[in-house]
Amino acid sequence: MSDYQPLERRVITFPFIVLGIIGLIGLYFLAHRFLFGIGSVTNLNEGYPWGIWVVYDIVVGTALACGGYALAITVYVLNKGKYHPLVRAALLASLLGYTMGGIGAFIDMGRWWQFYNVLLPWQMNFNAAMLEVALCVMAYIIVLFIEFSPVVLERFGARDLMKKLEKVLFIILAIGVLLPTMHQSSLGTMLIVMGYKVHPLWQSLHLQPLLALLTALTMGFSIVVFESSLSAVGFRRTPETPLMTGLSKAIVGLIALYLVIRFGELLFRGKLGLIFAGDLPSLMFIIETALFVFPLVVLLSEKGRKNARTLLYAAVAMLFAGSLYRFNAFLIMYNPGHGYSYFPSIPELMVTLGIVAIEIMIFLYVIKRFPVLHREEHA
Amino acid sequence: MKRRDFLKASVGGTVVALSGGSAIARPNLEPAPEAIGMLYDSTLCVGCKACVSKCKEVNGMPPTIRGEDVQYDSALDLSPQTLNVIKVYRDGKAEVKDSETNGFAFEKRSCMHCVDPGCVSACPVTALIRHEQTGIVTYDADACIGCRTCMTGCPYNVPQFDYNNPFGEIHKCQMCNQAGVERIDNGMITGCAEVCPTGATLFGSREALLEEARRRMALKPGESYMYPRGDVRDPISSHERAVPSYLQHIWGEKEAGGTNVLHISSIPFDKLGMPPLPDRSYASISETMQHSLYQYLALPALALGGLTYVIKRNVDDDEGGEK
Ligand code: SF4
Ligand code: SF4
Ligand code: SF4
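What comes next is a walk through the structure. (Residues numbered from 1 in each chain as written. Chains lettered and ligands numbered in written order. Predicted model: local features only at pLDDT ≥ 70, side-chain atom pairs only at ≥ 80, totals over all residues. Heavy atoms only, no water.)

As a further point, take the packing of aromatic side chains. Residues and elements named next belong to chain A. Scanning all chains against the criterion turns up 20 aromatic pairs over all chains. Ring geometry for Tyr48 versus Tyr342: centroids 6.0 Å apart, planes at 25°, classification stacked. On the criterion of sequence distance, the pair formed by Tyr48 in the loop between helix 1 (14-36) and helix 2 (52-64) and Tyr342 in the loop between helix 11 (308-332) and helix 12 (346-369) is long-range, its members being 294 residues apart. Taken as a pair, Tyr48 and Tyr342 share a single burial class, namely buried. (Phe/Tyr/Trp six-rings, centres within 6.5 Å; stacked < 30°, edge-to-face > 60°. Helix = DSSP H or I, 4+ residues; strand = E, 2+ residues; numbered from the N terminus. Buried < 20%, exposed > 50% of the residue type's maximum accessible area, 1.4 Å probe, protein only.)

Lining the immediate surroundings of ligand 2 are 14 residues, of which Cys111, Met112, Cys114, Cys119 and Cys154 of chain B lie closest. Its residues assigned to classes, the shell around ligand 2 comprises 11 nonpolar, two polar and one charged. (Near = heavy atom within 4 Å. Nonpolar A, V, L, I, M, F, W, Y, C, P; charged D, E, K, R; others polar.)

Of the residues lining the interface, 63 residues belong to chain A; the matching set on chain B comes to 69 residues. Both faces considered, chain A and chain B share a buried interface measuring about 5700 Å² in area, 60% of it formed by carbon and sulfur atoms. Area buried by chain A at its contact with chain B is led by Arg111, Val193 and Tyr196 of chain A, which between them contribute 13% of it. Of the charged contacts in the structure, one is a salt bridge between Glu169 of chain B and Arg111 of chain A, with a shortest N-O distance of 4.0 Å. Counting across the chain A and chain B interface gives 31 residue pairs in polar contact (both at pLDDT 80 or more). (Contact = heavy atoms within 4.5 Å. Buried area = accessible area lost by both parts, 1.4 Å probe. Salt bridge = Lys/Arg side-chain N within 4 Å of Asp/Glu carboxyl O. Polar contact = N/O pair within 3.5 Å; in protein donor to acceptor, adjacent residues only side chain to side chain.)

Turning next to the packing of helix 6 (residues 159-192) of chain A against helix 7 (residues 282-294) of chain B. For the pair helix 6 of chain A and helix 7 of chain B, interaxial distance at closest approach is 9 Å and the crossing angle is 165°. Judged by the angle between their axes, helix 6 of chain A and helix 7 of chain B are roughly antiparallel. In the crossing of helix 6 of chain A with helix 7 of chain B, the sense of the turn from one axis to the other is right-handed. Residues Met182, Ser185, Ser186, Thr189 and Ile192 of chain A of helix 6 of chain A pack against Tyr282, Ile285, Ser286, Met289, Gln290, Leu293 and Tyr294 of chain B of helix 7 of chain B. In terms of residue class, the contact of helix 6 of chain A with helix 7 of chain B is made up of seven nonpolar, five polar and no charged. (Axes fitted to C-alpha atoms, helices over the stretch in contact; angles between N-to-C directions. Parallel < 35°, antiparallel > 145°, perpendicular 65-115°, else oblique. Left-handed = near helix turned anticlockwise from the far one by under 90°.)

Let us now look at the packing of helix 5 (residues 129-155) of chain A against helix 6 of chain A. Residue and element names in this part refer to chain A. Where helix 5 contacts helix 6, the axes come no closer than 8 Å and their chain directions differ by 150°. The angle between the axes of helix 5 and helix 6 places the two elements in the roughly antiparallel class. In the crossing of helix 5 with helix 6, the sense of the turn from one axis to the other is left-handed. Here the contact of helix 5 with helix 6 is composed, by residue class, of 23 nonpolar, five polar and three charged.

Bringing the site of ligand 1 into the picture now. Near ligand 1, the surroundings consist of 14 residues, among which Cys45, Cys48, Lys49, Cys51 and Cys196 of chain B are the closest. Class assignment of the residues belonging to the shell around ligand 1 gives a composition of 10 nonpolar, three polar and one charged.

All names here are of chain A. Compared with an ideal rise of 1.5 Å per residue, which puts 23 residues at 33 Å, helix 1 spans 34 Å between its outermost C-alpha atoms and is within 8% of the ideal. Taken as a whole, helix 1 has its buried residues at Phe16, Leu19, Gly20, Gly23, Gly26, Phe29, Leu30 and Arg33. Residues of helix 1 that are buried sit in contact with helix 2, helix 4 (84-108) and helix 12. One or two steps after helix 1, the chain reaches Gly37, where phi turns positive at roughly 100°. (Expected span 1.5 Å × (residues − 1).)

See the structure below:
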């Protein structure tokens, strides 16, 4: 008998319908994009080739989907089996987040019908971080589907197939840890070639991949804490505090390391003064740093780690911190000069919101019909 | 290797690699052996925009028309329909040409045909190619997936994606040598250099143009000089003119690894809209990082081996525990 079971509740609820409507609006504008071009929907322009579709759906979205990655490291690499109860929900969220990231990349792709060129060895440019990101994200989506497939097989009672899969699952798990490590750091590398267009407070050149990887991991752990403490607070379940305490410690370590490297780079390259320049970049930097420091302070205290509510606040702050860091580096603090500016259009925003809404709908459906959540969690 | 040791080793390896492991640092690329380029002398330019019109004719692009004025191409900036544009610097009363204060000056914006092009480095599918001999950077629409990474990677914001076409593509100056045009291969010069009445846009090899630029730098203001038109080595014609006071700076000699299109002027280039670029190309830093991390995929393969071993052990442990 499995330790997991579906949350047998009604699928069609009021929030579900609202999400459905948002999803439909998104799909409407998406149809526009394919019929009349990207320009008919977005505010992208000569100076800003990437807007929220790339920066939210891919750069931030895949980091928010790093829960499966972070837990896989904890459970399988560091052998902390006690975190196992959380793995399936985290995996599902990652699977959906990455799939949506992949779809986001596709709809943003100006020449999508030639997308297969990424897969042709003679076309590949191994100097380009973008190639690495594209290939690894594609491969990782497949890996996530395989990692998640036992859930589906279990639901339909395909026992033999499941046994066979379990024999080779370890190698899939290993690839599943490797791929995000690769493409999350390469996402950072993509900032290097943008050079001066990225504000000096965010242009750390050689350190970009490391900072990107650290934020991906921190966000991955935080999303697990977030999902778990949210259901504890929201559905009045017993919080899984011992598990959460352990994850919190990991987050504290990662944030500390991140801050040391981040400020070390600014100090080393003599850019600390820019923090106090009193302009928009300095303001954004201060907000971003505060969002990193808050969870650090909360989670350092024993009391903070044990309380579901403070845990939730800390996790939310951390998610905002990591997201803002990436938004700043890729978009808000990206300045191509020549007076170019960008702010997303309403239809452009609706497409992103629509995608997120559909993602949540699928998540809700799956946890209600497939054995994803751990038994004790909702006994 | 014990798991702890393995983790330490792989973390250590990653840190070394991430810190830019200098042993395999990739330096700036060198100019192509027969690099072809252009020299734009802002002080010679009269803003007639003959070059803009000719560019559109060669590339089969419609003129940009604003208001009633149909005599001139009035494109304001680069766009999918404008690969070459003349911009104006203005200060105060804007009365004196080539004066930084109360003056005005012209500046040409078009692909600089970088020696170490960011666009080429960033394109995942090799749709942008730097020609081995001529250094000309051309575009292959059949390869392009439209991801627009080239736009983020170009220090001059040159590549332009046609957002308003559902089947749009990237547009940029290809030095009149793209398939179907091939002026350079056929022994001709670029369209803009051919029609420029003053020689402000001059065609030639990068070497010859650098030489010419250095010669002009060395002249004394007020001296008279024979300015060539068309091709620097084989001018269509020449005209005599008093030498202005040049800024001692050849843009594109060193900037971000240098460019094949060089600019000279008498007012500082940042005033003309040139970006703040260090000598080391961003492409070289980016590729250094990419290759430190993925040299022959050795690091990922090693990491995968280690991870597989550790995970297999841990998964087996778990199963053992359950029995
Ligand atoms: S054709 Fe020559 S003079 Fe006329 S705008 Fe172009 S560069 Fe200037
Ligand atoms: S100016 Fe831009 S588009 Fe032209 S070669 Fe350089 S990087 Fe590429
Ligand atoms: S838009 Fe086309 S040319 Fe530019 S980087 Fe992407 S694939 Fe390469």
